[in-house]
Amino acid sequence: MKVKNDLRYKLLLTLICGVAFFCVCVPFRSFFQLTSMTELRPAAILPPVCSLFFGFWGALGCSLGNLAGDIVFGLSAPMCVESFFIQLFTSYIVHHLWYSDFVVDKDISLYPRFDKISKVVRFGVIVLISSLLNAGLLGFMIMFNTHSDFINNTTLIIFFNNLDFGVLLGIPFVAFLSKKNIRFIIPKNKAEKLGNEQKDVASFNEKMIYQFMCAGLIFTAIITVFCYFFLSAVVVDDIKLWETIYIFAGVVINLYIIIIARVLLYTEKSFVIPIKSISTSISEYGTDGNFDNKAIINECKKFAGIDSEVGNMAKVIEKMLTDIEVYTDNIKKSTAEREKMVAELNVASKIQRGILPKNFDELNKFNVSVSADMTPAKMVGGDFYDCFAVDDEHMAVVIADVSGKGVPAAMFMAMTKVILHMFYDSGKTPSEILTKTNEVLCSQNDANMFVTAFIGLLNIKTGEFIYSNAGHNAPLLMRNNKEFDYVKIKPGFVLAGLDDFKYKEFSTTLNKGDTVVLYTDGVTEANSATGNMYGEERLKNILNKNKNVSVKDLVNAVENSVSNFADGQEQFDDLTLLALRIE
């Protein structure tokens with residue numbers, strides 16, 4: 001049963017603590033006797049430590065070990081019993097005070113690990129109380145049984161034995177046990193405050209404490225040797241000499257402990273706590289999506305007033321985070337503005353696509369089939385196309401490419417489209433239309449942009465196709481179901497580039513089955529991953545490979561070919577295609 005097992009464990013702890021106390025105590029009683037009633041007593045570290053970890057059962061074990069030592073060395077039965085209960089009481093009080101509400105820090109964990117100076121102070125104060133009680137009660141016992149003075153060398157040696165060994169050796173011993181997988185015995189109502197703080201790696205505080213404790217042991221040895229050389233010439237009796245040395249060393253060591261505790265408290269307050277607090281708040285930044293800098297800034301403000309490197313660090317971090325917060329707010333505003341601009345560009349893109357015709361059913365009466373598409377490099381583009389009936393006998397076809405990309409190109413494209421339409425409706429020829437359009441654009445071109453354009457006018461009855469070119473790519477023509485080839489034509493100068501430029505006009509005859517393909521340089525200048533351009537030859541080959549398909553499938557075939565060629569590379573220019581076939 002669990003209760004039985006717990007009792008066995010507690011009895012085993014009692015036995016181990018008792019045997020350990022007896023084995024440490026007896027050799028020093030035999031060889032390091034300081035007075036008739038006491039000796040150099042390293043075993044004094046065991047009662048507070050065993051009580052701290054194992055409660056009443058640890059205190060009972062040490063008390064039984066002390067009782068066995070008293071019996072072996074011939075103390076009277078009354079003194080043995082009195083000493084037993086005094087040791088049990090003053091040992092167990094350590095456990096009781098550690099787990100009581102007598103706290104230095106309200107947030108302190110009850111885990112017996114000295115990762116905070118407040119825990120060291122807590123342990124030292126408790127050991128001091130235990131040592132005073134032990135020395136006082138044993139002093140009364142000795143006074144009543146031996147009729148000696150209450151305050152004497154024996155009482156002082158008992159006090160220093162318990163206090164100095166309990167602190168100087170007790171702290172390292174507690175640190176050692178706290179790293180082991182030991183089952184503590186603690187009050188049930190305090191179990192939630194014990195936590196689970198067992199760690200293999202010592203904190204900075206612990207390392208500092210252990211180093212000062214080790215330095216204290218070395219300091220003790222130095223003080224002892226120093227006292228021996230200076231007092232041996234004055235005090236002749238060996239017992240009196242060692243009593244004096246022990247008491248003097250005890251006073252000096254306790255002053256050392258007080259000074260070191262003050263230094264460690266200053267170090268913790270000025271360095272350890274600020275660094276730990278700031279680092280904890282920084283480590284929590286971003287946890288569960290929390291990216292609020294205020295918690296870190298508030299922590300830094302707490303320590304910015306410290307006149308040290310830590311205070312300067314807190315100020316720098318506070319300023320850095322404040323600047324980051326301002327920068328983040330600016331980014332949020334920029335992002336909001338960008339999102340608004342993207343939304344507006346989406347609307348502009350839809351408007352632009354609405355300007356470009358998608359349905360050419362009205363041209364069916366002319367026995368022609370037309371398909372076209374434009375893919376902008378950005379959300380809006382500078383390419384455009386059009387194909388529409390001018391009158392009952394003529395239809396017009398236009399493709400153009402504005403310099404640049406994005407919103408400026410789109411606006412210049414819309415203006416150019418309106419001007420071209422205006423002159424088409426006036427009944428002018430293609431060369432006249434380009435000449436007049438160029439004049440208007442040159443007079444309103446503050447942005448120094450230009451346009452390449454190809455326009456044609458088809459007479460449905462005769463098949464005559466009159467066209468003019470303003471610096472645009474030469475179209476491809478397939479006759480009589482043969483092969484596509486480039487139309488040999490002089491390009492002319494770009495629109496909006498040179499005022500008073502006169503454009504030339506060319507003509508040919510289109511028969512049933514003939515197909516004309518117009519395109520912008522976004523097709524032939526598309527780049528692959530290796531930096532090669534799609535090129536005119538590749539365009540001609542893909543058209544010839546798909547010459548028997550519908551004009552819609554022909555446009556799709558070219559777009560797919562360009563997409564596969566680019567293989568995911570960013571599109572740097574608008575891509576536009578228009579195919580017209582005489583049925």
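Everything quoted here is computed from the prediction, not taken from an experiment.

The rules behind these values
Residues numbered from 1 in each chain as written. Predicted model: local features only at pLDDT ≥ 70, side-chain atom pairs only at ≥ 80, totals over all residues. Heavy atoms only, no water. Helix = DSSP H or I, 4+ residues; strand = E, 2+ residues; numbered from the N terminus. Contact = heavy atoms within 4.5 Å. Pairing = 2+ DSSP bridges. Axes fitted to C-alpha atoms, helices over the stretch in contact; angles between N-to-C directions. Core = buried A, V, L, I, M, F, W, Y, C linked by side-chain atoms within 4.5 Å. Buried < 20%, exposed > 50% of the residue type's maximum accessible area, 1.4 Å probe, protein only. Expected span 1.5 Å × (residues − 1).

A. Focus on the environment of proline 27. Within the fold, proline 27 resides in helix α1 (residues 2-31). When neighbours within four sequence positions are excluded, proline 27 is seen to be in contact with Phe22 and Phe32.

B. Looking closely at the sheet that holds strand β5 (residues 464-470). What the five strands build is an open sheet, ordered β2-β3-β4-β5-β8; its pairing is antiparallel. For this open sheet the edge positions go to β2 (383-389) and β8 (506-509), each flanked by a neighbour on one side alone. Along the sheet, successive strands turn relative to each other by an average axial angle of 15°, direction set aside. Pairing between strand β3 (residues 394-402) and strand β4 (residues 451-459): nine bridges, direction antiparallel. From the neighbouring strand, alanine 396 faces β4, where its bridge partner is leucine 457. Together, β2, β3 and β4 form the strand contacts of helix α11 (residues 406-425), whose direction differs from that of β2 by roughly 25°.

C. Seen up close, the sheet that holds strand β7 (residues 484-486). Pairing within the open sheet is antiparallel, and its five strands lie in the order β1-β10-β9-β6-β7. At either end of the open sheet lies a strand with only one pairing partner, and these are β1 (368-375) and β7. Looking at each pair of strands side by side, their axes are set apart by 15° on average, direction ignored. For strand β6 (residues 476-478) and strand β9 (residues 515-519), the ladder comprises three bridges, and the chain directions are antiparallel. If you follow methionine 478 over to β9, its bridge partner there is threonine 515. Packing against the sheet, helix α15 (residues 551-566) makes contact with β1, β7, β9 and β10 (575-582), and its axis sits at approximately 150° to β10.

D. A look at the nonpolar core. In this structure, Phe53, Trp98, Phe114, Phe123, Ile171, Val174 and Ile209 are the most contacted members of the largest nonpolar core, which totals 58 residues. Counting only elements with at least two residues in this core, the list comes to α1, α2 (46-72), α3 (77-98), α4 (117-146), α5 (153-168), α6 (170-178), α7 (204-231) and α8 (238-283). Considering each element in turn, this core owes the most residues, nine residues, to α4. Contact partners of phenylalanine 53, with chain neighbours within four places excluded, come to Pro112, Val174, Leu177, Ser178, Phe184 and Ile185. Among the nonpolar cores identified, the runner-up in size contains 51 residues, and Met395, Ala409, Phe454 and Tyr467 belong to it.

E. The arrangement of the pairing of β3 in detail. Of all nine residues making up β3, eight are buried, and the element is well covered by its neighbours. Of the strand pairs in this sheet, β2 and β3 are connected by seven bridges, and their pairing is antiparallel. Each bridged residue has a counterpart across the sheet, and for aspartate 383 the counterpart in β3 is aspartate 401. If you look at the hairpin formed by β2 and β3, you'll find four residues sitting between the two strands.

F. Examining α15 more closely. If you check α15, its first and last C-alpha atoms are 23 Å apart, about what 16 residues at 1.5 Å a residue would give, namely 22 Å. All of the buried residues in α15 are Val551, Leu554, Val555, Ala557, Val558, Glu559, Ser561, Val562, Phe565 and Ala566. Taken together, the buried residues of α15 touch β1, β7, β9, α13 (521-524), α14 (536-545) and β10. In the stretch just after α15, aspartate 567 is the one whose phi turns positive, near 50°.

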